[in-house]
Amino acid sequence: MEIDIYADLVCPWCYLGKRRLEQALASYDGVVTVRYRPFQLDPSPVPEPLPLLDTLAAKFGGRGRAQQMADQVARAAAGAGIEFDFDRALAANTFDAHRLVAWATEHGRAGETVEALHRSHFRDGIDIGARPALAAIAGEVGLDATAAHAFLESAGQVAQVHTELAAARELGITSVPTFVLAGRYAVTGAQESPTLLAALTEVRRQLTAGT
């Protein structure tokens, strides 16, 4: 079964959804292929690193509301073994990070790269909108950091990422994470792993039955 994950790398619920899917797959006895598809919650440029909580405060009605949102997702993530440090996190435009994921996919390191990008953003306070930082992250997952930086400085995967972002809009995807199972069945949100496992099992049953 093919699973397409539409997600943004600065979306905390996407990070949690990825982890919960991995937990579901650990209990699933079928064969799956996971593909990471780009989505940008905010495509606006970020000309300089800004504290994430400050940008959330400006967008959602004040620092108190931003902190409340951060605390909510941090509590949920802790149950999945994910550590968030919103006091260190920096706002970033993720276009180049999505390009890096596309490049890593070609080199068989997509999952590790997505995990490292989430962790770098949410725990380590790294600016994942900066190409040198992205190249260093590539090096951490076993890719060639120098080659990664050269790729990011080129036009590599620019057209592909633009095309896939447009395709997500055409599919009607407006919130992430969205998991598309077998190209036909969509599950939206960071669902609990038992819910995802049940969805996988039901889709497999329908595919087997030819419905």
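Residue numbers run consecutively from 1 along every chain, following the written order of its sequence. In view of the model being predicted, local features appear only for residues whose pLDDT reaches at least 70, and side-chain atom pairs are presented and counted only at 80 or more, with totals across whole chains, interfaces and linings using the full set of residues. Think of the side-chain values as coming from all heavy atoms in the structure, minus any hydrogens and water.

Novice: Explanation requested: the packing of aromatic side chains in the structure shown.
Specialist: Aromatic ring pairs are described here by two measures, namely the spacing of the ring centres and the angle between the planes. Geometry of aromatic contacts follows a simple scheme: Phe, Tyr and Trp rings, the Trp one being its six-membered ring, pair when their centres are within 6.5 Å, and the pair is stacked under 30 degrees between planes, edge-to-face over 60, tilted otherwise. One pass over the full model with this rule turns up 6 aromatic pairs. Here the aromatic rings of Tyr15 and Phe84 are separated by 5.8 Å at their centres, their planes lie at 40 degrees, and the arrangement is tilted. Of this pair, Tyr15 sits in helix α1 (residues 12-26) while Phe84 sits in the loop between α3 (63-78) and β4 (90-91), and the two are 69 residues apart along the sequence. Phe84 shares its class with Tyr15; the two are buried. Helix and strand assignments come from DSSP, with helices taken as H or I runs of at least 4 residues and strands as E runs of at least 2, each series counted from the N terminus. Partly exposed residues are those whose accessible area sits between 20% and 50% of the maximum for their type, while under 20% is buried and over 50% is exposed, using a 1.4 Å probe and protein chains only.

Novice: Can you walk me through the pattern of salt bridges in this structure?
Specialist: Note on pairing: side chains with opposite charge can pair once their charged atoms come close. Criterion for a salt bridge: a side-chain nitrogen of Lys or Arg within 4 Å of a carboxyl oxygen of Asp or Glu. With the rule as written, the count across this model stands at 17 salt bridges. Between Arg35 and Glu2 there is a salt bridge, with the nearest N and O atoms lying 3.0 Å from each other. With Arg35 in strand β2 (residues 33-38) and Glu2 in strand β1 (residues 2-7), this pair connects stretches of sequence that are 33 residues apart. Residue classification places Arg35 among the partly exposed positions, given a relative accessible area of 31%. The partner of Lys18 in a salt bridge is Glu115, and the shortest N-O contact between them spans 2.7 Å. Here Glu115 lies in helix α5 (residues 110-122) and Lys18 lies in helix α1, a separation of 97 residues in the sequence. Note on accessibility: Lys18 and Glu115 belong to one class, buried. Residues joined by salt bridges that share partners form a network here, namely Glu2, Asp4, Arg35, Arg37 and Glu164.

Novice: It is not clear to me how α3 should be interpreted in this structure. Could you clarify?
Specialist: Each turn of an α-helix holds 3.6 residues, which means side chains three or four residues apart point in the same direction. Between its terminal C-alpha atoms α3 stretches 22 Å, which fits the 22 Å expected from 16 residues at 1.5 Å a residue. Turning to α3, its buried residues are Ala66, Ala70, Val73 and Ala77. Taken around the axis of α3, the buried residues stretch over an arc of 70 degrees, which confines them to a single face. The outward face of α3, more than 90 degrees from its buried face, is lined by the exposed residues Gly64, Arg75 and Ala78. Note on definitions: a residue-residue contact is assigned when non-hydrogen atoms from the two residues lie within 4.5 Å. Contact partners of the buried residues in α3: α1 and α2 (52-60). Here the expected span of a helix is defined as 1.5 Å times the quantity of residues minus one. Think of the arc as the fan of directions from the helix axis to the C-beta atoms.

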